[in-house]
Amino acid sequence: MTEAQTPAIEVHDLVKRFGGAPAIRGVSFDCAPGEVFGFVGPDGAGKTTIMRLLAAVMRPDEGSIAIEGMDAIADPERVRSRVSYMPQRFGLYEDLTVDENIEFFAQLFGISPHDREERATRFLAASGMTPFRKRRAGQLSGGMKQKLGLTCALIHTPKVLLLDEPTAGVDPVSRRDFWRILYGLRREGVAIIVATSYLDEAERCTRLGLLREGRMLYCDTPSTLKALMPGEIIAIISHRARSVREAVVGINGVKGVILMGDSVHVVVDDAARRTQELEAAMRQRSVSFDGIERISPSIEDLFVSLLTGEEQSSATRQ
Amino acid sequence: MSFEARRGEILGFLGPNGAGKSTTIRILCGLLRPSGGRAEIAGIDVARYPEKVRANIGYMSQKFSLYSDLSVGENLRFFGGVYGVRGDRLAKRLAFAVNMAGLKDREDTLVADLSGGWKQRLALGCAVLHEPAILFLDEPTSGVDPASRRRFWDLIYSLAGDGVCVVITTHYMDEAEYCNRIALINAGKLAALGSPSELKRSAIHGEILLIEGDDPGGMLEALEGSPGVHDVAPFGSSLHIVVDDATRDQPAIEALLKQHELGWSRIEPIKPTLEDVFVQLVGGDRARAPGS
């Protein structure tokens with residue numbers, strides 16, 4: 001990606017109030033063509049509101065939004081053809097077939113039948129939907145509906161694609177199909193913004209913004225963010241997770257213990273130094289385990305740790 | 001399909017839409033009769049004594065099934081009535097559920113005014129009012145943020161610690177990692193059954209190479225369908241590639257990338273993720289296992 005490119009989206013000091021309370025309290029970011037920017041955060045953090053503001057479904061109270069350098073607040077009509085917004089529930093016509101839905105959205109945006117066919121064929125093939133073109137949308141599975149929604153949202157070749165929780169309730173195979181299409185779009189220079197509450201999806205973004213109460217707390221690449229994780233994680237594989245927890249809680253340097261299915265994740269200050277101490281504590285209590293190793297934190301580990309850290313530091317601030 | 005789950009165990013049902021996860025749960029709840037075979041819940045035959053089964057199970061769906069226009073306390077008392085919990089026991093269980101959900105002093109709040117995470121914990125409280133031995137959770141954390149999800153799982157672990165057997169369906173691999181064992185269901189059959197580590201260690205054919213670079217889309221195009229590459233999946237700025245033998249095949253992959261003038265910043269064998277396992281075992285034609 002070249003540095004001199006105009007960002008596809010540039011947002012400065014965005015504020016949106018509902019009634020008195022601000023839902024968005026001064027958010028700034030940009031997104032380059034070909035980038036996948038993910039918004040992650042707790043319920044009510046403002047993810048969906050930001051998507052609606054970017055889609056020009058509603059107007060901000062303060063701040064600026066530029067799409068490909070154009071003022072999107074002053075002239076929403078002009079940018080609308082460049083932006084495509086896929087809300088959590090995309091409005092497909094259930095009694096129309098897959099092909100008929102695509103045709104409807106193509107006509108809405110004035111796409112020629114030739115261009116429509118070229119794009120529909122490509123997206124449907126990439127998502128394994130080709131055999132279902134004559135099926136009614138109402139008869140499709142949840143994952144298929146999302147993939148059809150994406151095809152419809154992309155039929156007019158937008159420069160900016162906004163996806164709100166795009167694969168909630170979609171199985172992993174369909175989710176991979178869905179992301180396969182998104183990665184194809186990156187190569188066409190489409191800027192993609194995704195709001196999600198799932199790690200599976202956050203890991204796939206090129207940059208992430210962590211929102212909380214309408215503010216962006218952190219914004220960077222997933223690997224840079226992971227380096228922010230305070231402490232390191234030691235995974236102990238054991239079928240006696242609860243006994244492991246009892247054995248290691250309270251040891252010096254142990255900051256947190258998270259039970260996983262067949263292992264326990266122990267957050268420590270220094271993995272190299274603490275591994276032996278943890279092993280010794282378990283042996284002393286005769287707690288059996290099948291393995292112990294340092295692992296890299298997941299995005300979920302990081303966000304839970306950053307969010308709870310914020311809570312603690314604001315609670316202890318004097 | 002044959003399997004069993006112990007008291008205190010958390011068993012995860014994973015599978016594509018339409019694989020049979022919900023049908024299996026409906027049979028286990030005594031809502032559907034099996035066409036063949038036998039299922040027992042807490043030692044009770046579900047086809048012969050469906051009513052008795054229902055007294056032993058709790059069920060929570062992704063929709064949470066709460067009444068939005070009733071308060072927290074009213075919802076709990078309603079579900080207590082449905083499950084036949086009365087008198088002193090009801091008072092005790094109400095206190096337990098309110099505490100568990102973290103909704104103490106908020107019993108008069110309307111459910112409509114609660115955020116997703118609170119609703120979810122309240123729905124769980126409603127599902128365990130009658131102290132069921134088995135708890136079925138059908139995609140219980142759809143649309144709930146990561147911090148609330150962790151808190152929810154803390155509750156699940158504490159119920160399991162008290163001996164409740166928990167059966168949970170999910171589409172998210174980060175959530176599946178929390179289960180003690182995972183049953184991977186595809187086309188009405190068990191495709192695999194084991195702990196998350198067991199599945200990652202031994203359930204798939206081949207090995208995974210991770211490649212990170214500036215142009216993952218270009219790498220995907222170059223590598224997909226080339227000899228020895230069984231599957232390619234994009235993850236952010238990196239790709240997961242399924243090959244027979246990571247160490248042996250790595251030089252050929254590097255040569256192919258050079259040939260396409262594609263640079264990379266990292267290439268190394270990694271342990272498969274649960275998603276890699278899922279996609280290979282149930283992925284259909286685009287993720288064929290090597291050798292098939």
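All figures in this text were calculated on a predicted structure; none of them were measured in a lab.

### Comments concerning the overall build of chain B
Piece 1. Check the secondary structure of chain B and you find 11 helices and 12 strands.
Piece 2. Contacts spanning at least 24 positions in sequence make up 69% of the contacts within chain B whose residues lie at least 6 apart.

### As for the overall build of chain A
Piece 1. Helices and strands together make up the secondary structure of chain A, namely 11 helices and 14 strands.
Piece 2. When the backbone C-alpha atoms are referred to their principal axes, chain A occupies close to 75 × 50 × 40 Å.
Piece 3. The 318 residues of chain A split such that 47% are buried.

### Details of the confidence of the model for chain B
If pLDDT is low for a region, its predicted coordinates should not be looked at in detail.
Residue and element names in this part refer to chain B.
Piece 1. Per-residue confidence for chain B gives a mean pLDDT of 88, with 96% of residues at or over 70.
Piece 2. Considering only residues more than four positions removed or in separate chains, one finds that residues 285-292, a stretch of pLDDT under 50, has 13 contacts.
Piece 3. The ipTM for the predicted assembly is 0.72, set against a pTM of 0.81.

### Some remarks on the domain arrangement of chain A
Piece 1. Taken domain by domain, chain A holds domain 1 (9-226) and domain 2 (232-296).
Piece 2. Summarising the inter-unit geometry, the C-alpha centres of domain 1 of chain A and domain 2 of chain A are found 40 Å apart.

### Quick word on the interface of chain B and chain A
Piece 1. With 44 residues of chain B at the interface, the matching set in chain A holds 43 residues.
Piece 2. At the level of elements, α5 (116-127), α6 (146-161), α7 (173-176), α8 (196-202), α9 (216-223), β10 (231-235) and α11 (274-282) of chain B are the ones that each hand at least two residues to the side of chain B that touches chain A.
Piece 3. A per-element tally of the side of chain B that touches chain A places α6(B) first, with 6 residues.
Piece 4. Partitioned by chemical class, the residues of the side of chain B that touches chain A number 19 nonpolar, 18 polar and 7 charged.

### Topic: the pairing of strand β12 (residues 254-259) of chain A
Each regular strand displays side chains that alternate between the two surfaces of the sheet.
Piece 1. Where β12(A) and strand β13 (residues 263-268) of chain A come together, 5 bridges link them in antiparallel fashion. Counterpart to Ile258(A) in the pairing with β13(A) is His265(A).

### Topic: the environment of Pro172(A)
Piece 1. By the secondary structure assignment, Pro172(A) is in helix α6 (residues 172-187).
Piece 2. Counting along the chain gives 29 residues from Pro172(A) to Gly143(A), while the straight-line C-alpha distance between them is 9.2 Å.
Piece 3. Residues within four places of Pro172(A) in sequence aside, it is in contact with His171(B), Met173(B), Glu275(B), Phe278(B) and Val279(B).

### Observations regarding the domain arrangement of chain B
Residue and element names in this part refer to chain B.
Piece 1. As assigned here, chain B comprises domain 1 (10-199) and domain 2 (202-287).
Piece 2. Put simply, the middle of domain 1 and the middle of domain 2, counted by C-alpha atoms, are 37 Å apart.
Piece 3. Contact with domain 1, which involves 14 residues of that partner, is made by 9 residues of domain 2.
Piece 4. In the side of domain 1 that touches domain 2, the residues fall into 9 nonpolar, 3 polar and 2 charged.

### Observations regarding the pairing of β13(A)
Piece 1. Of all 6 residues making up β13(A), 5 are buried, and the element is well covered by its neighbours.
Piece 2. Between the end of β12(A) and the start of β13(A), which pair antiparallel, lie 3 residues.

### What to know about the sheet that holds strand β10 (residues 215-220) of chain A
Residue and element names in this part refer to chain A.
Piece 1. In space, the 6 strands of this open sheet follow the order β6-β7-β8-β3-β9-β10, with mixed pairing throughout. Taken across any chain shown, the strands that pair with only one partner, and hence form the sheet edges, are β6 (83-86) and β10. Each adjacent strand pair in this sheet contributes to an overall mean axis angle of 15°, direction not counted.
Piece 2. Bridge count between β6 and strand β7 (residues 160-164): 4 bridges; the pairing is parallel. In the strand pairing of β7, Met-86 is matched with Leu-163.

### Quick look at the sheet that holds strand β5 (residues 70-71) of chain A
Residue and element names in this part refer to chain A.
Piece 1. With antiparallel pairing, 4 strands are arranged side by side in an open sheet as β2-β1-β4-β5. For this open sheet the edge positions go to β2 (21-31) and β5, each flanked by a neighbour on one side alone.
Piece 2. For strand β1 (residues 9-18) and β2, the ladder comprises 8 bridges, and the chain directions are antiparallel. Paired with Glu-10 across the two strands is Asp-30, which belongs to β2.

### Let's talk about the packing of α9(B) against helix α10 (residues 246-259) of chain B
Residue and element names in this part refer to chain B.
Piece 1. In contact at an axis separation of 10 Å, α9 and α10 are set at 115° when each is read in the N-to-C sense. Overall, the two elements α9 and α10 adopt an arrangement that is roughly perpendicular. Here α9 runs over α10; the crossing is right-handed. Residues Met-219, Ala-222 and Leu-223 of α9 form the contact with α10, whose own contacting residues are Ile-253, Leu-256 and Leu-257.

### Focus on the environment of Leu228(A)
Piece 1. Its location among the elements puts Leu228(A) in the loop between α8 (222-226) and β11 (232-237).
Piece 2. Measuring from C-alpha to C-alpha, the distance between Leu228(A) and Glu35(A) comes to 22 Å, with 193 residues separating the pair along the chain.

### Comments concerning the nonpolar core
Soluble globular proteins: nonpolar side chains tend toward being buried together.
Piece 1. Within the largest apolar cluster, 172 residues are counted, with the highest numbers of intra-cluster contacts made by Leu54(A), Leu162(A), Ile192(A), Val266(A), Val166(B) and Ile241(B).
Piece 2. Sequence-distant contacts of Ile192(A), that is, excluding residues within four places in its chain, are made with Val36(A), Leu161(A), Leu163(A), Leu182(A) and Leu185(A).

### Here we look at helix α1 (residues 21-28) of chain B
Residues and elements named next belong to chain B.
Piece 1. Looking only at α1, the buried set comprises Lys-21, Thr-24, Ile-25, Ile-27 and Leu-28. Burial along α1 is one-sided: seen end-on, the buried residues are contained in an arc of 160°.
Piece 2. On its buried face, α1 is in contact with β1 (10-14), β2 (40-41), β5 (134-138), β6 (165-169) and β7 (181-186).
Piece 3. At the C-terminal side of α1, Gly-30 shows a positive phi close to 80°.

### Focus: unusual backbone geometry
Piece 1. At Thr157(A), a residue that is not glycine, the phi angle is positive and equals roughly 50°.
Piece 2. Mapped onto the secondary structure, Thr157(A) falls in the loop between α5 (142-154) and β7.
Piece 3. The class for Thr157(A) is partly exposed, based on 15 C-beta atoms found within 10 Å.
Piece 4. Backbone geometry at Glu131(B) places phi at a positive 50°, although glycine is not the residue there.
Piece 5. Examined against the element boundaries, Glu131(B) turns out to sit in the loop between α5 and β5.
Piece 6. Judged by C-beta crowding, with 15 C-beta atoms within 10 Å, Glu131(B) ranks as partly exposed.

### Re the environment of Gln284(A)
Residue and element names in this part refer to chain A.
Piece 1. Relative to the helices and strands, Gln-284 is located in helix α10 (residues 271-284).
Piece 2. Judged by C-beta crowding, with 9 C-beta atoms within 10 Å, Gln-284 ranks as exposed.
Piece 3. Measuring from C-alpha to C-alpha, the distance between Gln-284 and Ala-247 comes to 8.7 Å, with 37 residues separating the pair along the chain.

Reading the values: the criteria
Residues numbered from 1 in each chain as written. Chains lettered and ligands numbered in written order. Predicted model: local features only at pLDDT ≥ 70, side-chain atom pairs only at ≥ 80, totals over all residues. Helix = DSSP H or I, 4+ residues; strand = E, 2+ residues; numbered from the N terminus. Contact = placed C-beta atoms within 7 Å. Buried ≥ 20, exposed ≤ 12 C-beta atoms within 10 Å, placed from the backbone. pLDDT = per-residue confidence, 0-100. Domains from an automatic or database assignment. Nonpolar A, V, L, I, M, F, W, Y, C, P; charged D, E, K, R; others polar. Pairing = 2+ DSSP bridges. Axes fitted to C-alpha atoms, helices over the stretch in contact; angles between N-to-C directions. Parallel < 35°, antiparallel > 145°, perpendicular 65-115°, else oblique. Left-handed = near helix turned anticlockwise from the far one by under 90°. Core = buried A, V, L, I, M, F, W, Y, C linked by C-beta atoms within 7 Å. Arc of directions from axis to C-beta.

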